[in-house]
Amino acid sequence: MDTPAQKHSRVPTWLRVLIPALLILIWFAAFGAGGASFGSLSKLSVNDQSQFLPASAEATEVAALQEEFRDAETIPAIVVVATDDGTDLDDAQLAAVDELRSAFADVPGVVDDEVSPAIASEDGEAVEIVVPIESGDGAERASVVVGELRAAVDDAPIEGVTVAVAGPAGFSADIAGAFSGIDGLLLAVALAAVFLILIVVYRSPLLPLIVLFTSMSALCAAVLTVVSLARAEVIVLSGQTQGILFILVIGAATDYALLYIARYRETLARYERKWDATWAALRGSWEPIVASGGTVIVGLLILLVSELNSNKTLGPIAAIGIVFALLSALTLLPALLLWAGRAAFWPRRIAHRGEAAEPAHGVHAAGVLHEASAPDERDLPDRGLWAGVGRLVSRRPRTVWIVSVLALAGMSLGLAQLDADGVPSSEFVLGESQARDGQAMIGEHFPAGSGTPAVIVGPEDELQEMADVALATPGVDSVSVVSADSPSGSAPLTEDGVQAFGPPGTPAPAPTVVDDRVLLQATLSDASDSLEAEATVAALRTALDEVGSEVLVGGQTAVALDTNDAAIADRNLVIPLVLAAILVILMLLLRSIVAPLILIGSVVLSFTAALGVSALVFEHVFHFPGADPSVPLFGFVFLVALGVDYNIFLMTRVREESMQFGTRPGIIRGLRLTGGVITSAGLVLAATFAALGVLPILFLVQISFIVAFGVLLDTFLVRTLLVPALAYDLGRVIWWPSRLARRPE
C-alpha cells in the first residue's frame, strides 16, 4: 500500500513548480495593485457623523430639507477672536479683524457673500465670524479650506488677541489631521511590533519576512477591493474603519500564518520532500484556520443589521480583510514556504526523522510545534512551561477554574465605572485641537451654541407657535428664522414675531418659505457637541411634537443625538445575534452542545472583565471624558470573535486527541501541544491592536486598549487555565450529545 508521501509524489514535477509559482505571481500582482491604492483610502474616507445616520433618522430628514433653503451645501467654520488680558477689543484690533474677515472671503472654497460680519460679544472682549465653507467636495476639501483660514490668521497676527478657527469645519479639520498618520505611522508601528515578536518566536531572519509579506499581501488585496467598492459607492469608508481594517488584516493573517507554520515545521520532520510536507501541513491546518476565520467573518457580517452606516459598512469591509487573510495564509504562505523549505527556519535545523503515515486523527490538528500526534505520553515534552501548566490543570482542575472565574468576575466589577453614553465631538481628538480651544473661547464670551444652532423645520402657519415653544425650552438662548430678504440671511424671532433690522419703521423681512415650510434656527446655551445640548434638543423635540407631527428638529447636535441613539440600538441588537451565530458555529464544529456553551461563556466573561478593567483605566489613569456607545459593541465583536478563535484552535486539537487517548488525557495533550503557537498568536494580535493607540483618536485608542488587553486575557488566562481546567473537571460530558461523550476515559 502506498504511503501518503508516495501518493503525493505522483503529482508531476512541472505541476509542483507551476502551482506555487502561479500563486506567488498572482499575490505579487495583488500586492502591487493594492499598494498603489493605499493613497486613495484617505481621499475616499468620510468622517462626517451625518453621513453615517440612517435615512429614517430625524436629523437626516432635516438635513435634506435644509438644502432647499440654501443655494449651496456648506459647513460652517467659526472664527473667534478674544483679547488675552480680558479687556475690551480696541479700535485697532477691530479694524484688524475686519481685514481678516476680508481675507477669509478671498479664500477659495469659502462662500464669500455669506461670510458674516464680526459679531461682538456682550462683554466686548471677543468677536466671532461665521465662515461658510462649500462642502460639496467632501470633508477633505473643507479641511483644506480650514487650513488656509488658519494660515491667513498666522499671516496677519493681531497683537494682544488669540484667534482660533473652530465650529464643525474646524473639528473636521482636526479629525482629518489626526487620521493623517494612518497610512504611514500606523502600519509602521504595527509591522515593527509583529516583526519583533516573530524574531523572538522563530529566531530566524527569513521566516518573519515571509510572514510579513503574506500579511501585507492580504492587506493590499483587501485595500484594492475596498477602494473599488468605495469608488462605486457600494460602501462608505471612514478613517476609523480604515484603521481597524489595517490592524485586523495584519493581526489575523499573521495568526493564521503562525498556525500553518507550526504544522509545516512538524510535517517537515516527518516528510523528506517539501511537497509532501506542504500537502500534509495543509491537510492538518486548513479546517481550524477556516473555522476560526469563518467565525470572525460571520460575527462581522452581523453588523449589517445595524442602523448606523458606520457600523453597517465596517462589517463587510473587515470581513473582506479576513477573507484575504485566510486566502493568503492558505495559498501564498504555503507556496512561499514550499519554495524556501527548511531554509526558512535557518539557523535552526529541521531534521528529517523518517517517513511516517499520517495518523488518522491528525486531519483536524492545529498548532503543533514539533510533535506529530504521538502514540503515548512519552513523546510529549515533560519539562517546560506548558508541561507545568498541564500538570497544574490535571492535579487541581476545580481550584484552577474557580479561581479563574473569580478573577474575571472581580475584573468585571469595573463595569460600574463605564461611561459609554457618548462624548462631545470636541473630545474626539486627543492632544492639541485648535477647534476645541476655540469652542472653549466661544463658550466663555458667547452662547456656547453660537454658529451651530439646532434647526427646526415646520409648517409656515405654525411659525410663531414653534418660536414660542423653542424660546420657552430651557437651554435655548435665542431663535431666528431663515429669510432671503435679510442682509444676514436670517431674522430674529421673539414672542412678538419676526424682528426688523435698521432704524424704526424698517419693515421686518419675510421668512423664506419652501413648500409651505419655514426653517428656524435655535441658538443653544450649551456647546452644540455637549451632552447638555443633546438633552436640550431631546426636550425641544418633545415639546414641538405638541405643535404638530410635521415639525422636525435637526442640526449638528441632533446628528450627535441620533447617532448615539442608533449606536445604543445597534449594541442591543448585534451582541445577542453575534453570540447566537458563534454558538451555532461551535456546535457544528465540535459536534457538541456542552463544550460550545463553555467556550461562549468563557469569552463573554473575558469580555466583561476586559471592559471592566478598561473602564477603570479610562476613568482613573487616562481621565478620558467618556466613550462612544459603539466602543463596547466593537470591543465585543472583535474580542468574542477573535477570542473564540483561540478556543477553536485549542478545542479542535483537544477533540482530535480525545478520540485517540480519551477526554481528560486529550485535554492535557491539546493544551501542551498548542500552548506555544496560540500564545505567540495572541501576542501578535494584541500588539497589532495596541498599534491603533498611536493615532490620537479617542475611539481608536479605547478600542485599541480593550481588544489588546482582552486578547492577552484570553490568551494567558481563559484559554490557558479556565477552559482546560473546566473541561478537565467535567470530563467526557463536554462532548454531549456526540458519541465521544459515551466513550470510556
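A brief report on the enclosed structure follows. Quantities reported herein were computed from a predicted structural model and do not represent experimental measurements.

Looking now at the overall build of the chain. Secondary structure assignment for the chain yields 21 helices and 10 strands. In terms of its C-alpha atoms, the chain occupies a principal-axis envelope of roughly 110 × 50 × 50 Å. Each of the 745 residues in the chain was classed as buried or not, and the buried ones make up 57%. Nonlocal contacts in the chain, meaning residues at least 24 apart in sequence, comprise 81% of its contacts between residues at least 6 apart. Of the roughly 29200 Å² of accessible surface on the chain, a fraction of 59% belongs to carbon and sulfur atoms. Charge centroids of the chain, computed over 42 positive and 81 negative side chains, lie 35 Å from each other.

Moving on, we come to the pattern of salt bridges. It is possible for side chains bearing opposite charge to pair when their charged atoms get close. Tallied over the entire structure, the rule returns nine salt bridges. In this structure, the salt-bridge partner of Asp 729 is Arg 398, at a minimum N-O distance of 2.9 Å. Highlighted residues: Asp 729 in helix H21 (residues 698–730) and Arg 398 in helix H13 (residues 397–412), separated in sequence by 331 residues. Given a relative accessible area of 18%, Asp 729 falls into the buried group. Through salt bridges with shared partners, one network takes in Arg 653, Glu 656, Glu 657 and Arg 669.

This part is about the nonpolar core. If you look at the biggest cluster of nonpolar residues, it comprises 167 residues, and the most contacted ones within it are Leu 219, Tyr 256, Leu 300, Leu 337, Phe 638, Met 651 and Phe 689. Setting aside residues up to four positions removed in sequence, Leu 300 forms contacts with Leu 248, Gly 315, Ala 318, Ala 319, Ile 322, Val 637 and Phe 638. Within the second largest apolar cluster, 32 residues are counted, among which are Leu 540, Val 553, Ala 558 and Leu 561.

Right, let's talk about the packing of aromatic side chains for a bit. One pass over the structure, following the stated rule, counts 15 aromatic pairs. Here Phe 28 and Phe 213 contribute two aromatic rings whose centre-to-centre distance is 5.0 Å and whose plane-to-plane angle is 40°, an arrangement assigned as tilted. Of the two residues, Phe 28 is situated in helix H2 (residues 13–44) and Phe 213 in helix H8 (residues 206–231); the sequence distance between them amounts to 185 residues. Under the relative-accessibility criterion, Phe 28 is labelled partly exposed at 45%. Over the aromatic face of Tyr 728 sits the side chain of Arg 664, whose NZ or CZ is 5.6 Å from the ring centroid. Positioned above the aromatic ring of Phe 661 is the side chain of Arg 669, whose terminal nitrogen or guanidinium carbon lies 4.0 Å from the ring centre.

Turning our attention to the environment of Leu 683. Mapped onto the elements of the fold, Leu 683 is located in helix H20 (residues 663–690). Sequence separation between Leu 683 and Val 194 is 489 residues, and the spatial gap between their C-alpha atoms is 8.7 Å. Excluding its chain neighbours within four sequence positions, the residues that come into contact with Leu 683 are Ile 197, Leu 712 and Phe 716.

Let us now look at a nonpolar patch on the surface. Residues Trp 14, Leu 18, Leu 22, Leu 25 and Ile 26 make up a contiguous nonpolar surface patch of roughly 540 Å² in combined accessible area. Looking at the element boundaries, Leu 22 is found in helix H2.

What follows is about the packing of helix H12 (residues 385–395) against H21. Two numbers describe how H12 lies on H21: the axes approach to 9 Å, and their chain directions differ by 40°. Comparing their axes, H21 and H12 come out oblique. The two elements H12 and H21 meet at a crossing, and its hand is right-handed. Of the residues in H21, those in contact with Trp 386, Val 389, Leu 392, Val 393 and Ser 394 of H12 are Arg 719, Thr 720, Leu 721, Pro 724, Ala 725 and Tyr 728. Along the lines of polarity and charge, the residues of the contact of H12 with H21 split into eight nonpolar, two polar and one charged.

Here we come to the packing of H2 against helix H11 (residues 309–340). The geometry of H2 relative to H11 is characterised by a closest axis approach of 9 Å and an angle of 130° between their N-to-C directions. Between H2 and H11, the angle is such that the two are oblique. The two elements H2 and H11 meet at a crossing, and its hand is left-handed. Note on element contacts: H11 touches H2 through Phe 324, Leu 327, Ser 328, Thr 331, Leu 332, Ala 335, Leu 336 and Leu 338, opposite Arg 16, Pro 20, Leu 23, Ile 24 and Trp 27.

Taken together, the side chains of Glu 67, Glu 68, Glu 73, Glu 460, Asp 461, Asp 515, Asp 516 and Glu 550 make up a negatively charged region of the molecular surface. Take Glu 68: it is sitting in the loop between helix H3 (58–66) and strand E1 (74–83).

This part covers H8. When the terminal C-alpha atoms of H8 are compared, their 37 Å separation across 26 residues agrees well with the 38 Å that a helix rising 1.5 Å per residue should span. Immediately downstream of H8, the backbone of Glu 233 shows phi near 60°, a positive value.

Right, let's get into the sheet that holds strand E10 (residues 552–554). Reading across the sheet, the six strands line up as E8-E7-E6-E9-E5-E10 and stay open at both edges, with antiparallel pairing between neighbours. Every other strand in the sheet has two partners, leaving strand E8 (497–498) and E10 as the edge strands with one partner each. In terms of strand pairing, strand E6 (residues 476–482) meets strand E7 (residues 490–494) through four bridges, oriented antiparallel. Each residue of the ladder has a partner; that of Val 479, found in E7, is Leu 493. Running at roughly 70° to E7, helix H15 (residues 463–471) makes contact with strand E5 (454–459), E6, E7, E8 and strand E9 (517–524) of the sheet.

Attention now goes to the pairing of E9. Across the eight residues that make up E9, a large majority, six, are buried. Strand direction decides the pairing type here: E5 and E9, joined by six bridges, are antiparallel. Within the sheet, the bridge partner assigned to Val 455 lies in E9 and is Gln 521. Here five bridges tie E6 to E9, and the two strands are oriented antiparallel to one another.

Let us now look at the environment of Ser 549. Counting through the fold element by element, Ser 549 comes out in the loop between helix H16 (531–545) and E10. Here the alpha-carbon distance between Ser 549 and Gly 458, two residues 91 residues apart in the chain, equals 9.0 Å.

You can see Thr 83 is positioned in strand E1. The class for Thr 83 is buried, based on a relative accessible area of 9%. For Thr 83, the side chain forms a polar contact with the main-chain oxygen of Thr 87, separated by 2.7 Å.

The next subject is the pairing of strand E3 (residues 126–134). For E3, the buried fraction is high: eight of the nine residues fall into the buried class. In terms of strand pairing, E1 meets E3 through nine bridges, oriented antiparallel. Considered in E3, the bridge of Ile 78 is made with Val 130. Of the strand pairs in this sheet, strand E2 (residues 119–120) and E3 are connected by two bridges, and their pairing is antiparallel. Across the sheet, Ile 119 pairs through a bridge with Glu 128, a residue of E3.

Conventions we followed
- Residues numbered from 1 in each chain as written.
- Predicted model: local features only at pLDDT ≥ 70, side-chain atom pairs only at ≥ 80, totals over all residues.
- Heavy atoms only, no water.
- Helix = DSSP H or I, 4+ residues; strand = E, 2+ residues; numbered from the N terminus.
- Buried < 20%, exposed > 50% of the residue type's maximum accessible area, 1.4 Å probe, protein only.
- Contact = heavy atoms within 4.5 Å.
- Areas by Shrake-Rupley, 256 points an atom, 1.4 Å probe, with all protein chains shown as cover.
- Lys, Arg positive; Asp, Glu negative; His and termini not counted.
- Charge placed at Lys NZ, Arg CZ, Asp CG, Glu CD.
- Salt bridge = Lys/Arg side-chain N within 4 Å of Asp/Glu carboxyl O.
- Core = buried A, V, L, I, M, F, W, Y, C linked by side-chain atoms within 4.5 Å.
- Phe/Tyr/Trp six-rings, centres within 6.5 Å; stacked < 30°, edge-to-face > 60°.
- Lys NZ or Arg CZ within 6 Å of the ring centre and 35° of its normal.
- Patch = residues over 30% accessible without salt bridge, like charges linked within 9 Å, V, L, I, M, F, W, Y side chains within 5 Å.
- Axes fitted to C-alpha atoms, helices over the stretch in contact; angles between N-to-C directions.
- Parallel < 35°, antiparallel > 145°, perpendicular 65-115°, else oblique.
- Left-handed = near helix turned anticlockwise from the far one by under 90°.
- Nonpolar A, V, L, I, M, F, W, Y, C, P; charged D, E, K, R; others polar.
- Expected span 1.5 Å × (residues − 1).
- Pairing = 2+ DSSP bridges.
- Polar contact = N/O pair within 3.5 Å; in protein donor to acceptor, adjacent residues only side chain to side chain.

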